[in-house]
Amino acid sequence: MAPRRTDRPGSGAAADPAAPPASDAALASEGPAPEASKRPEAPGSEASQVSEASQASQVSEASRGSAAAPEGRADEADGATPASAPPPSGASSTPEPDLGLLQQEFEQALLGGERKFTRIQVSERAGISIERAEQMWHALGFATVPDDEIAFTDGDVEALRLVAALEDDGFIDPAVESSLARKLGQTQSRLASWQSAMFLELLAGAKLSADDAIEVATLLLPAMERLQTYVWRRHLAAAAGRAVAGSDELSRGVRVVGFADIVSYTRLTRRLSIVELGKLIERFEGLAADVVALNGGRVIKSIGDEVLFVTDTPAQGAALALALQDKVMEAGDMPELRIGLAYGSILIRLGDVYGEVVNLASRLTSEAKPGRVLVDRELAAALDGHPAYRLRRLRRVSVRGYHHLSPYALQRSTSAPS
């Protein structure tokens with residue numbers, strides 16, 4: 001691998017005329033942005049596949065950085081003292097990097113441009129009121145910015161213009177504009193927190209310099225954006241397909257809602273280290289996500305020791321819950337689960353679910369014994385006569401909000417075909 005350029009604009013280091021030309025990736029990151037009129041390659045096309053392979057190779061090469069290069073590779077070529085040797089007496093040491101400049105470059109790589117505008121200027125350029133712009137900013141989850149602080153980029157202006165255009169076209173109801181922004185902000189905030197932690201872990205493992213880290217980020221960001229767009233489109237297509245092909249019950253919001261809860265989680269948090277607890281949560285969420293997807297369900301959210309999911313039919317809900325218990329038992333070294341299911345009409349709003357059915361499923365989960373599945377009366381009635389399942393009515397219980405809750409224990413039928 002050829003030696004990298006170490007002189008960055010404004011760093012104070014002179015370019016070495018003998019050094020080889022910078023890599024294409026470095027030139028792309030330092031040069032002007034591509035013209036907006038240039039058409040992107042279609043996903044799956046030959047040119048797109050070549051571009052993606054080249055980009056992945058560049059990220060891999062840059063992530064190894066100068067730390068992985070052979071010692072004295074540049075010096076040994078002309079017989080000079082190896083880089084690991086101490087500098088000659090009187091020679092000046094390598095100048096310290098300009099951390100302020102590096103931070104600015106790193107921020108610009110993430111934001112896609114430099115900060116240019118105050119909050120008043122950005123609202124004026126977007127053509128909306130300062131009050132509406134500030135409401136959107138807060139809904140996205142960001143703190144108030146002082147009037148005179150230069151904090152916004154061209155990307156912020158374009159985003160506000162886009163929201164205004166979508167509302168003008170009737171695609172976004174003004175009454176739910178803030179709710180939509182809040183849900184987008186919360187979802188992206190969690191994703192960004194995870195990705196930033198992953199990126200910092202990558203940097204720590206590769207022992208990259210700040211300069212190399214900026215190059216890696218510049219190469220990695222477009223790849224992550226492309227991947228996120230792909231996943232979003234696939235989920236959008238799946239959701240649209242369910243809506244178009246759905247039954248009358250689905251159109252009225254009738255679903256099975258389930259909770260899967262780790263038994264004795266509070267005690268585990270006191271006994272396990274932070275690292276061990278993190279590994280446990282990762283295994284639980286990964287296992288639950290796999291089982292939910294394989295059985296036609298959808299994870300609504302994970303809340304530490306608990307996963308909330310929905311299915312479209314009673315049979316899917318029953319199969320999912322029992323399969324999840326089976327997988328945990330097969331693992332052998334995972335804590336047992338309690339699972340509660342309820343069936344009925346729910347409110348589906350901005351990706352979350354609400355209503356009495358959700359509350360019932362939660363209460364049933366709390367009442368379930370370790371390794372068992374409890375269902376409510378409506379789901380038991382819907383599964384009555386199904387050859388694959390057996391339901392046993394239990395005594396009524398009094399729980400918060402429900403004084404006469406009738407739970408049913410769900411099991412596989414012994415006569416069900418294997």
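Before reading on, note that the structure itself is shown above.
Quick look at the structure, then. These numbers were taken from a predicted model, which means no experiment stands behind them.

1. Thoughts on the overall build of the protein
Next up, step 1: Along the protein, the regular secondary structure elements total 15 helices and 11 strands.
Next up, step 2: The burial tally for the protein puts 32% of its 418 residues in the buried class.
Next up, step 3: For the protein, the proportion of contacts with a sequence separation of at least 24, taken over those separated by at least 6, is 68%.
Next up, step 4: Approximately 26,000 Å² of the protein is accessible, and the part contributed by carbon and sulfur atoms is 55%.

2. Observations regarding the packing of helix H6 (residues 130–139) against helix H8 (residues 177–206)
To characterise two packed helices, one gives the angle between the axes of the helices and the distance between these axes.
Next up, step 1: Packing of H6 against H8 brings their axes to within 7 Å, and their N-to-C directions diverge by 35°. Residue-level contacts link Arg-132, Gln-135, Met-136 and Ala-139 of H6 to Glu-177, Ser-178, Ala-181 and Arg-182 of H8.
Next up, step 2: Each residue belonging to the contact of H6 with H8 can be placed in one class, and the counts come to three nonpolar, two polar and three charged.

3. As for helix H5 (residues 119–126)
Note: α-helices contain 3.6 residues per turn, so residues at a spacing of three or four share the same orientation.
Next up, step 1: If you check which residues of H5 are buried, you get Arg-119, Val-122, Ser-123 and Ala-126. With its buried residues spanning 95° around the axis, H5 presents them on a single face.
Next up, step 2: For H5, the secondary structure elements touched by its buried residues are H6 and helix H7 (154–168).
Next up, step 3: Following H5 by one or two positions, Gly-127 has its phi on the positive side, about 80°.

4. Focus on the pairing of strand S3 (residues 306–311)
Next up, step 1: Of all six residues that make up S3, six are buried, and the element is covered over most of its length.
Next up, step 2: A two-sided burial pattern is seen for S3, the buried positions comprising Glu-306, Leu-308 and Val-310 on one face and Val-307, Phe-309 and Thr-311 on the other.
Next up, step 3: Of the pairings in the sheet, the one linking strand S1 (residues 254–262) to S3 comprises six bridges and is antiparallel in character. The residue of S3 that forms the bridge with Gly-258 is Phe-309.
Next up, step 4: Strand direction decides the pairing type here: strand S2 (residues 298–303) and S3, joined by five bridges, are antiparallel. Following the sheet pairing, Lys-301 is matched in S3 by Leu-308.

5. Observations concerning the side chain of Gln-195
Next up, step 1: Residue position: Gln-195 is located in helix H8.
Next up, step 2: For Gln-195, the side chain forms a polar contact with the side chain of Gln-228, separated by 2.6 Å.
Next up, step 3: Each residue touching Gln-195, except ones within four places of it in the same chain, is listed here: Met-224 and Gln-228.

6. Some points on H6
Next up, step 1: Among the residues making up H6, those that are buried are Arg-132, Ala-133, Met-136 and Ala-139. For H6, the angular spread of the buried residues around the axis is 130°, confining them to a single face.
Next up, step 2: Elements in contact with the buried residues of H6: H5, H7 and H8.
Next up, step 3: Looking one or two places after H6, you find Gly-141, whose phi comes out positive at around 100°.

7. Details of the sheet that holds strand S8 (residues 389–393)
Next up, step 1: If you trace the seven strands from one edge of the open sheet to the other, you get S2-S3-S1-S4-S7-S11-S8, paired in mixed fashion. Both outer strands of the open sheet, S2 and S8, are each paired with one neighbouring strand and no more. Ignoring strand direction, the axes of neighbouring strands in this sheet form an average angle of 25°.
Next up, step 2: Sheet strands touched by helix H14 (residues 356–367): S1, S3, strand S4 (337–345) and strand S7 (373–375). Its angle to S4, the strand with the most contacts, is close to 155°.

8. A look at the environment of Phe-309
Next up, step 1: Note on placement: Phe-309 falls in strand S3.
Next up, step 2: For Phe-309, a relative accessible area of 1% puts it in the buried group.
Next up, step 3: Linking Phe-309 and Leu-341, residues 32 residues apart in sequence, is a C-alpha distance of 9.6 Å.
Next up, step 4: Those residues in contact with Phe-309 that lie beyond four places of it in its chain are Val-256, Val-257, Gly-258, Phe-259, Ala-260, Val-292, Arg-298, Val-299, Ile-300, Leu-320, Ile-339 and Leu-341.

Reading guide: rules and limits
Residues numbered from 1 in each chain as written. Predicted model: local features only at pLDDT ≥ 70, side-chain atom pairs only at ≥ 80, totals over all residues. Heavy atoms only, no water. Helix = DSSP H or I, 4+ residues; strand = E, 2+ residues; numbered from the N terminus. Buried < 20%, exposed > 50% of the residue type's maximum accessible area, 1.4 Å probe, protein only. Contact = heavy atoms within 4.5 Å. Areas by Shrake-Rupley, 256 points an atom, 1.4 Å probe, with all protein chains shown as cover. Axes fitted to C-alpha atoms, helices over the stretch in contact; angles between N-to-C directions. Nonpolar A, V, L, I, M, F, W, Y, C, P; charged D, E, K, R; others polar. Arc of directions from axis to C-beta. Pairing = 2+ DSSP bridges. Polar contact = N/O pair within 3.5 Å; in protein donor to acceptor, adjacent residues only side chain to side chain.

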